[in-house]
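Coordinate analysis (summary)
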Amino acid sequence: MATATMSYQTSGVAPVGLTAQEQKDMERFGKFLSQKMVQVIVQSRLGEKVCTPCKAHPSPSDWFNLGIEDIPEVVIETRKALKGQLLTIGSPPLCVEISLKTVEGDSLILENWCLSVNETSEPFNRVSYAVYSRMSLLLKSIISVSRITPAYKLSGRQGADSFVLCYRVFCGECHGLGASTKNCTIGQVDTPIGLYSVVLSYRTQLALSPKDGAMLVKSDHFDQHLISDQYSPRLCRAADRKGDRGGESSSGSEPVASDESQDACRLFVNSPPGNKVAEYQNLLQQNRYSFDDGPKFGAFADPSSARRNLSAEFVLPELPLPTFMKIKSLKDVKKENEQRPLVTGGSAVVPPKDVDVTENTNQTNISIGPVSSSDEFVMVESLKTPFAEGDSSHDVGAFFRECQSAPVSLQSFNRSSGIATHEIGSQLEQFEKDLEGYDDLVQSLCIDSDESGK
Amino acid sequence: MNARTQVFEMALEGRQVEEAVSSLFHTLLFHRTLGKFHYKQEGNYCVGTVGYEDADCDFVDLTYVRCSSGDIKKIVHKEATAFSECLRSQERETQGQARSGHISLTFYQIKKARWPFPSESIPWEVWNLRMELMTLASEIERQLYREKVGELLAEKILYIAESMNRPSYVPKMPNQPELDLIFDTSFADIQPYLFKISYGTSPPSTSMGTTVRRLLKDTLSI
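Note that the structure is predicted; figures quoted are calculated from it, not measured. The residue numbers shown here count from 1 along each chain, following its written sequence. Labels follow written order: the first chain is A, the first ligand is 1, and so on. Per-residue local features of the predicted model are confined to residues with pLDDT of at least 70, and side-chain atom pairs are confined, for both listing and counting, to 80 or more; whole-chain, interface and lining totals are unaffected and use all residues. The side-chain quantities take in all heavy atoms of the structure and omit both hydrogens and water.

Focus on the overall build of chain B
- Each helix corresponds to a stretch of at least 4 residues labelled H or I by DSSP, and each strand to a stretch of at least 2 residues labelled E; elements are numbered beginning at the N terminus. The number of helices and strands found in chain B is five helices and 10 strands.
- When contacts within chain B are restricted to residue pairs at least 6 apart in sequence, those whose partners lie at least 24 apart make up 70%.
- Carbon and sulfur atoms provide 51% of the accessible area of chain B, an area that totals close to 11200 Å². Note on definitions: a residue-residue contact is assigned when non-hydrogen atoms from the two residues lie within 4.5 Å. Surface accessibility in these figures is a Shrake-Rupley result with a 1.4 Å probe; residues are shielded only by whichever protein chains are displayed.

Following this line, the structure appears as structure tokens:
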């Protein structure tokens, strides 16, 4: 049975094909390669310096002869992602996604690490130390390269008041990172059961730009209880330490709730188009002003004194203005529009087109805007001219009424140009007649200037 | 057999030389270091554990990973510092003229020769760093160059990782009697491949005399 403390044969005849034990060993190599890869990547994003000792004599848990410590939560997340299966030829790659999340709720995927298994180009006849040592070499390369990407520098600057780095482990295709991306193949290990490859994709430009495919998420997009730092590698380590200080074995710590990896998926994955529209609609619904709340008062205003100081003639009924108009569902409005246009005040009113309201029978769809029916038209004569005295026949009132609607035609265009045009025309004619005289004057002036110059 | 050779060239400030050399050489040695071998009966052996740690640079915007063995850290630090001092003393002597030098990390194996010929070191992988010193005028330039050199070294580290994982020649695992021909067994906690570090203030010479000498050696060793 293969363990981390391997014993190797230095010589011997190579058997043809794989024995059952070799097959089992090979599968264990692949399994622990996956786990250790995720461990070193997540640990490199903790924002802490890693230091593990060299040991002349290995421990049973030191796989691939490397001092890689295990964070229990990361082990659990990796197992969940693999779902108890091994990576095989043709199976979806194992991906580790590192993303940045700001305190405002914006999120940006920084890099993707993918471990995939493809057809082996040169199937070996034996499971030798060469395969194991090449896997160890691959892990060393991952460890070295993990320090040179921009995400590593960000990990050292993360904090609860600025941003945190989060990770997600899953099997499947990675999300694109946009145009400013660098892709590199860290290494490959050819084994009898497949060709293991590790590919890294990382952003070279960290500006949040929608055209690069960056995902910007509104701060109120998610439920608050889901916005937790449990998937921040930093707090994984902190939680792990608390468990150690309390005397509990870190390996025996209970895993987090089983659905939380799925929650992490919901947090950081672009939603499908359908869900996106629904979420945007919900967001619009939330931000819409609700007239059912009653009249609003300005900042620092005392509602009770505002009512008291108003004279009786300026006090409007306490019903909000929109209640003068019927609040209808959009369906009803559309039906009425199809039958006849709604006309108020000389202009046709149609339902606003910039609000997409979900036709959900469980919801009360409210159309916001001047939607009215001619049957329930409310007389507006009760509205008085502001700053005017007495009745509406006063000058201010008359002016106000004149300005309420645009004039049918501008009177100035109907007036004849008359005297002004006639005078200008005669002047022009006179100037044309005297043109020769003006030319002689100019010439005489030029001659005089020449004589004075001499 | 020809050694696999790779040359890196860079221009940097004098105070950046030691960290640049350390970052690249430690990355290489980390890849070329195994755990300590412990042989058992019937030719079986087990391998120790290689620990690693992060190392921050002060004059370069870079963090690199190195083997956490104290002995190997001392060796690399000693050679890198000596090379840096050598270059900077050359700068002082030439009073600002062009200063350059090279430092090499060579992995080799020992080939025992027939009597009366001595054993021979045969390199199988050579990494050359050619460095040229430059002087920056302002602090702003130094800050910008600090980041630029960091990016440059990051590219080199990525190249090293990709190169190490390509199928290429590496000495095969020896039996216990031949372990010292492939690995440096002088370390207490690790076992790197045999390596040596050499440096000079002029480019590696490829004169006719050196070439002929090498040809004669190879011929006699057959």
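Points about the sheet that holds strand β1 (residues 4–12) of chain B
All names here are of chain B.
- Strand order in the open sheet formed by four strands is β1-β8-β7-β10, with mixed pairing between adjacent strands. This sheet does not close on itself; its edge strands, each paired only once, are β1 and β10 (195–200). This sheet shows a mean twist of 20° between the axes of neighbouring strands, independent of strand direction.
- Two strands qualify as a pair provided that DSSP identifies no fewer than 2 bridges between them. The sheet contact formed by strand β7 (residues 100–111) and strand β8 (residues 120–133) spans 12 bridges and is antiparallel. Residue pairing across strands places Ile 103 opposite Leu 129, the latter belonging to β8.
- In this description, a line fitted to the C-alpha atoms serves as the axis of each element, helices being fitted only across the stretch in contact, and the angle between N-to-C directions of two axes falls anywhere from 0 to 180 degrees. Those strands touched by helix α1 (residues 14–31) are β1, β7, β8 and β10, and its axis lies near 150° from that of β8.
- Against the sheet, helix α3 (residues 139–164) contacts β1 and β8, and its axis sits at roughly 175° relative to β1.

Here we look at the pairing of β8 of chain B
All names here are of chain B.
- Accessibility here uses a 1.4 Å probe with only protein chains present; expressed as a share of the type maximum, an area under 20% marks a residue as buried, one over 50% as exposed, and anything in between as partly exposed. With 10 of 14 residues buried, β8 lies mostly within the body of the structure.
- Relative to β8, β1 runs parallel, the two sharing nine bridges. In the sheet register, Leu 12 faces β8, and the bridge partner there is Leu 133.

Side note on the interface of chain B and chain A
- Contact with chain B, which involves 45 residues of that partner, is made by 44 residues of chain A.
- Here chain B meets chain A over a buried area of about 3700 Å², counting both sides, of which 54% is carbon and sulfur.
- Contact with chain A buries area across many residues of chain B, yet Thr 49, Tyr 52 and Asn 165 of chain B alone supply 21% of it, more than any other trio.
- When a carboxyl oxygen of Asp or Glu is within 4 Å of a side-chain nitrogen of Lys or Arg, the pair counts as a salt bridge. Run the count over chain B and chain A and you get three salt bridges.
- Linking Lys 49 of chain A and Asp 56 of chain B is a salt bridge whose minimum nitrogen-to-oxygen distance equals 2.7 Å.
- Whenever a nitrogen or oxygen atom comes within 3.5 Å of another N or O atom, the pair is scored as a polar contact, on the condition that within protein one atom can donate a hydrogen and the other can accept it, and that pairs from neighbouring residues in sequence are kept only if both atoms are in side chains. Put simply, chain B and chain A have 18 residue pairs in polar contact (both at pLDDT 80 or more) between them.
- Elements with a minimum of two residues in the side of chain B that touches chain A: α1, β2 (33–35), β3 (37–39), β4 (45–47), β5 (52–56), β6 (63–67) and α3 of chain B. Defined in terms of a 1.4 Å probe, buried area is the accessible area two parts forfeit on being brought together, summed over both.

Considering the nonpolar core
- Among the nonpolar cores identified, the biggest contains 112 residues, and Met 135, Ile 142 and Ile 186 of chain A together with Val 21, Phe 25 and Met 131 of chain B are the most heavily contacted of them.
- Discounting chain neighbours no more than four positions away, the residues touching Phe 25 of chain B are Val 76, Ile 103, Ser 104, Leu 105, Leu 129 and Ile 197 of chain B. Residues grouped as a nonpolar core are buried Ala, Val, Leu, Ile, Met, Phe, Trp, Tyr and Cys residues, joined through side-chain atoms within 4.5 Å.

Quick word on the confidence of the model for chain A
- The score called pLDDT rates the predictor's confidence residue by residue, from a low of 0 to a high of 100. Overall, the predicted model of chain A reaches an average pLDDT of 68, with 48% of residues at or above 70.
- Here residues 238–292 of chain A is a poorly scored stretch, pLDDT under 50, and it has 57 contacts once near neighbours within four places are set aside; other chains count.

Remarks on the packing of aromatic side chains
- Pairs were defined over the aromatic rings of Phe, Tyr and Trp, the Trp ring being its six-membered one, requiring ring centres within 6.5 Å. Orientation was assigned from the angle between planes: stacked under 30 degrees, edge-to-face over 60, tilted for the rest. Evaluated as defined, the whole model comprises 18 aromatic pairs over all chains.
- Ring centres 5.4 Å apart and planes at 50° place the aromatic pair Phe 37 of chain B and Phe 183 of chain B in the tilted group. Here the residue Phe 37 of chain B occupies a position in strand β3, and Phe 183 of chain B occupies one in the loop between α4 (179–182) and β9 (190–192), the gap between them amounting to 146 residues.
- Residue Phe 37 of chain B is classed as buried on the basis of its relative accessible area, which comes to 7%.
- Ring pairing ties together the aromatic residues Phe 37, Tyr 39, Tyr 45, Phe 107, Trp 124, Tyr 169, Phe 183 and Tyr 193 of chain B, which thus form one cluster.
- Its guanidinium or amino end placed over the ring of Phe 170 of chain A, Arg 168 of chain A lies 3.9 Å from that ring's centre, counting from NZ or CZ.
- Positioned over the ring face of Tyr 108 of chain B is Lys 196 of chain B, at 5.5 Å from the centre of the ring. Placement of a charge over a ring requires the Lys NZ or Arg CZ to be within 6 Å of the ring centre, with the centre-to-atom vector within 35 degrees of the ring normal.

Structural notes on the confidence of the model for chain B
- Chain-level pLDDT for chain B is 87 on average; 86% of the residues reach the 70-or-more range.
- Looking at the elements of chain B, mean pLDDT is at its lowest for helix α5 (residues 208–221) of chain B, recorded as 56, and at its highest for β6 of chain B, recorded as 97.

Points about the sheet that holds strand β1 (residues 94–102) of chain A
All names here are of chain A.
- Spatially, β3-β1-β2-β5-β4 is the arrangement adopted by the five strands of the open sheet, whose pairing is antiparallel. Looking along the sheet, the strands with just one partner apiece sit at the ends: β3 (163–171) and β4 (181–191). Neighbouring strand axes in the sheet, compared pairwise and without regard to direction, differ in orientation by 15° on average.
- Relative to the sheet, helix α3 (residues 129–145) contacts β2 (107–118), β4 and β5 (194–203), its axis offset from that of β4 by approximately 165°.

Comments concerning the packing of α3 of chain A against α3 of chain B
- Running from amino to carboxyl end, α3 of chain A crosses α3 of chain B at an angle of 170°, the nearest separation of the two axes being 10 Å. Compared by their axis directions, α3 of chain A and α3 of chain B come out roughly antiparallel. On α3 of chain B, the residues touching Leu 137, Ser 141, Ser 144 and Val 145 of chain A of α3 of chain A are Ile 157, Leu 158, Ala 161 and Met 164 of chain B.
- Residue polarity is assigned by list, with Asp, Glu, Lys and Arg as charged and Ala, Val, Leu, Ile, Met, Phe, Trp, Tyr, Cys and Pro as nonpolar; anything else, Gly included, falls into the polar class. Across the contact of α3 of chain A with α3 of chain B, the residue classes break down as six nonpolar, two polar and no charged. We call two directions roughly parallel when the angle between them is under 35 degrees, roughly antiparallel when it is over 145, roughly perpendicular when it lies between 65 and 115, and oblique otherwise.

Observations concerning the packing of helix α1 (residues 20–44) of chain A against helix α2 (residues 72–82) of chain A
Residues and elements named next belong to chain A.
- At a minimum axis separation of 10 Å, α1 and α2 run at an interaxial angle of 130°. By the angle class used here, α1 and α2 are oblique. The way α1 lies across α2 gives a crossing that is right-handed. Touching Ser 34, Gln 35, Val 38, Gln 39 and Val 42 of α1 are Val 74, Val 75, Thr 78, Arg 79 and Leu 82, all from α2. Here a crossing is taken to be left-handed if its near helix is turned anticlockwise relative to the far helix by less than a right angle, and right-handed if that turn runs clockwise.

Quick notes on a nonpolar patch on the surface
- Exposure above 30% relative accessible area and the absence of a salt bridge qualify a residue for a patch, where like charges join within 9 Å and nonpolar side chains (Val, Leu, Ile, Met, Phe, Trp, Tyr) within 5 Å. Together, Ile 424, Leu 428, Phe 431 and Tyr 438 of chain A give the surface a local cluster of nonpolar side chains, amounting to about 410 Å² of exposed area.
- Position of Ile 424 of chain A relative to the elements: it lies in helix α11 (residues 418–433).

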